[in-house]
Amino acid sequence: MIEFLTFISPILVTLAVFIISYVPGRILLNRFSFLNQREKFALSFLVSCILIYLPGFICYILFPKSFSAYRILFLLILAGFLLSLKRIKIIISDKTERRLLLFALLMLFWLVAFHSLHRCYGGGGWGGDWYEHYERSLFLSAHYDRNYQFLDIYDFPARPPLFNLVCSFFFSIFGSSFWIFQIICSFLNMTLVLGAWLLIAQIFPSLKKSPLIAFIALFMLDVPMVRQMIYTMTKGLAGAYVLAGAAVYLKGRKDFDLRYLSLAFLLLSAGVLAHYSAAPFFLAISMDLALVFFIKPDRKKFISLVAVVLLSSAFLFSWLTYSIAFYGTQKTFLSNTTYTESKNLTLGKRISKDLYNLRATFLPSIHKPEYFSRLPRALKLIQVYDMAIMFYSESLTGNAGLTLSVFLLILFAVKMKSVIGFIRNNARNPSALLFWVLFLGMGGMMAIASNGGLMPHGAAHVSFVPIGALLLLFAWHCAKQIQNRFLRLIIALGILIESFVVFALRIIVLSSLFINLTTLYKSANHFGNFAVRDVRNLEFLEGIYSSLSWFILALTLAGWFLWATIFIKDMLHTEVKERLS
């Protein structure tokens, strides 16, 4: 019986995290008549995180060294759930809503199953920040000493707290074991798909009728996007807030609609509080809003502008005021790696660093890190995996995948006029050229500049997550518009082969099924990540399901083939009035 409960616990926790994160936001957004069903569903999870963050932070400040306040918050959410049962029944009685819930839950369970095969993190140059955020969540839930340093390097203000406060809230309900943290992170970062789902429909209205399952299949087949979702870090959630905020902003931009603009900047502010990599895009959209106002100012726009500034400022200062009060201005603003890694650089060296990182992000250069030269011949497979991770995760080219990147390159070289005409004819929405110049241009340049040090293989996995997701979706959409059905099949098969090979590499290297620990220990990067698990005695999902590893692998592969089937069907049976010739 005890063994059965051990196996079933992760499933129950996954389901509970999903429901708790869906209900509060969905009930609140149901009152927002200006949002459509697609928007209410996708935003419900992101808004719930905000509803957990605000009282959770107040609980942390007012009730030190106590879990009881978090539990009171959970009881309030539970009471709200019970009082709103009738409203919830009405919402989920809708067939479309139930289908969306099923798709999102299926995606989460597959991510958790895939996560359960990992005995350690790592790959390429990725290191110990996966553990840092677990420490930060424990710091908030267990009220560590304020001067505690994470990884013996970083002060608390070096990272914003929203992601970790949400995790600490769930810790108060389910406990703080690392496997629980893995489930929570998988859920929070999977919202990246929902944010992308909202924004791409604003760019290409023809995609508004595309089912959510088609977007999920695309993202689940894309190795770097899945890596963002199961790596226990905060960039996936921050990217989700940026994409969702941009989608809502575009709906209110033309008429300066206060309802859309307020919600958009609340989401964008939450993105900044999840990870500072969202700040460049927050600033770019803020600049666009200011320019739209100054191009044709009037009283209505001024009132909306003031309201948006006050709302976003109040939300951001919920964290900044506390940090300044307890840590001071210097630690609040100057303890982040953006500053610490570049504070001694001259202006010329900063510009050189940014140009180098920009080139590496767009034109990946895979070369061997120093530790590769120390690997014996028996570890060549690990070397191949690490080099693959560098390409796919750290460059924009890799984010879209090699197949789609080559397709885009050929398409732009051969059919430049057709592509431009296609974009003009399909992107009929309030988004002006000014917005995209600022979002992609200014936001992208600031995102590059936000990396304090040199990024030899690119910065796509750090500060370009929203742009990487958009590039993937744009390439996929262009591929679907090719008239020649056989060519679409070739592109789809290329994507599937590429996805399967890299996923197989990941499972072989990071699971315990194929490479033994002795071999793994000889690899400097992977050894360091496994050593943290060993020293800290962390209980991974992989440890819970160690006796079922082959069964979990079979489930994961079955899920992968399900995504592949959906993806092929979507690519071959796309009905769009205008196609690329």
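Residues numbered from 1 in each chain as written. Predicted model: local features only at pLDDT ≥ 70, side-chain atom pairs only at ≥ 80, totals over all residues. Heavy atoms only, no water.

Q: What is the right way to read the nonpolar core from this model?
A: Of all hydrophobic cores here, the largest spans 182 residues; its most connected members are Phe-41, Leu-43, Leu-162, Phe-219, Met-220 and Phe-567. Setting aside chain neighbours within four positions, we find Phe-219 in contact with Val-193, Ala-196, Met-225, Val-226, Met-229, Ala-469, Leu-472 and Leu-473. Counting residues in each nonpolar core, the second largest holds eleven residues, with Ile-382, Ile-515, Leu-520 and Phe-530 among its members. (Core = buried A, V, L, I, M, F, W, Y, C linked by side-chain atoms within 4.5 Å. Buried < 20%, exposed > 50% of the residue type's maximum accessible area, 1.4 Å probe, protein only. Contact = heavy atoms within 4.5 Å.)

Q: Just to check I follow, could you spell out empty space enclosed by the protein for this structure?
A: It is a probe the size of a water molecule, rolled over the atoms, that shows where empty space is left. Taken as a whole and assessed by the stated rule, the structure comprises four cavities of 30 Å³ or more. One number sums up the size of the largest cavity: a volume of about 120 Å³. Contributing to the lining of the largest cavity are 15 residues, with Leu-221, Asp-222, Gly-401, Ile-495 and Glu-498 lying nearest its centre. Residues of the lining of the largest cavity, tallied by class, amount to ten nonpolar, three polar and two charged. Here the second largest cavity is characterised by a volume of approximately 60 Å³. Lining the second largest cavity are Trp-110, Phe-114, Phe-500, Phe-503, Ala-504, Ile-507, Thr-556, Leu-557 and Trp-560. Those elements that place two or more of their residues in the lining of the second largest cavity are α5 (95–115), α23 (485–510) and α27 (549–572). No other element matches α23, which puts four residues into the lining of the second largest cavity. Taken together, the residues of the lining of the second largest cavity sort by class into eight nonpolar, one polar and no charged. (1 Å grid on protein atoms, 1.4 Å probe; cavity = no way out; pocket = protein on both sides within 12 Å on 5 of 7 lines; lining within 4 Å. Points joined across faces, edges and corners; volume = space filled by probe spheres on them. Nonpolar A, V, L, I, M, F, W, Y, C, P; charged D, E, K, R; others polar. Helix = DSSP H or I, 4+ residues; strand = E, 2+ residues; numbered from the N terminus.)

Q: Mind showing me how you'd approach the pattern of salt bridges here?
A: Charged atoms that come close allow side chains of opposite charge to pair. Scanning all chains against the criterion turns up nine salt bridges. For Glu-132, the salt bridge is made with Arg-136, and the minimal N-O distance between the two is 3.0 Å. Separated by four residues within a single helix, Glu-132 and Arg-136 lie in helix α6 (residues 129–142), roughly one turn from each other. Comparing Glu-132 with Arg-136, the two get one shared label, buried. Residue Arg-259 is joined to Asp-257 by a salt bridge in which the shortest nitrogen-to-oxygen separation is 2.8 Å. Exposure remark for Asp-257: the relative accessible area of 17% places this residue in the buried category. Beyond isolated ion pairs, a larger network of salt bridges with shared partners links Glu-132, Arg-136 and Arg-159. (Salt bridge = Lys/Arg side-chain N within 4 Å of Asp/Glu carboxyl O.)

Q: I'm lost on the environment of Leu-379 in this one. Help?
A: Within the secondary structure layout, Leu-379 lies in the loop between α16 (347–362) and α17 (380–394). When the C-alpha positions of Leu-379 and Ile-515 are compared, they lie 9.7 Å apart, and in sequence the two are 136 residues distant.

Q: In this structure, what is going on with a nonpolar patch on the surface? I would like to understand it.
A: There is a patch of nonpolar side chains on the surface, built from Ile-58, Ile-61, Leu-62 and Phe-63 and spanning about 380 Å² of accessible area. Judged by its relative accessible area of 55%, Leu-62 is exposed. (Patch = residues over 30% accessible without salt bridge, like charges linked within 9 Å, V, L, I, M, F, W, Y side chains within 5 Å. Areas by Shrake-Rupley, 256 points an atom, 1.4 Å probe, with all protein chains shown as cover.)

Q: Help me understand the layout of surface pockets, please; the structure alone is not making it clear to me.
A: Roughly 1,300 Å³ of internal volume is contained in the largest pocket. In this structure, the largest pocket is lined by 50 residues; those nearest its centre are His-275, Asn-336, Thr-337, Thr-338 and Val-462. Counting residues per element, the ones that place at least two in the lining of the largest pocket are α6, α12 (258–274), α13 (279–295), α14 (299–334), α15 (337–340) and α17. Counting residues per element, the lining of the largest pocket draws most heavily on α14, which supplies five residues. Of the residues in the lining of the largest pocket, the class split is 25 nonpolar, 19 polar and six charged.

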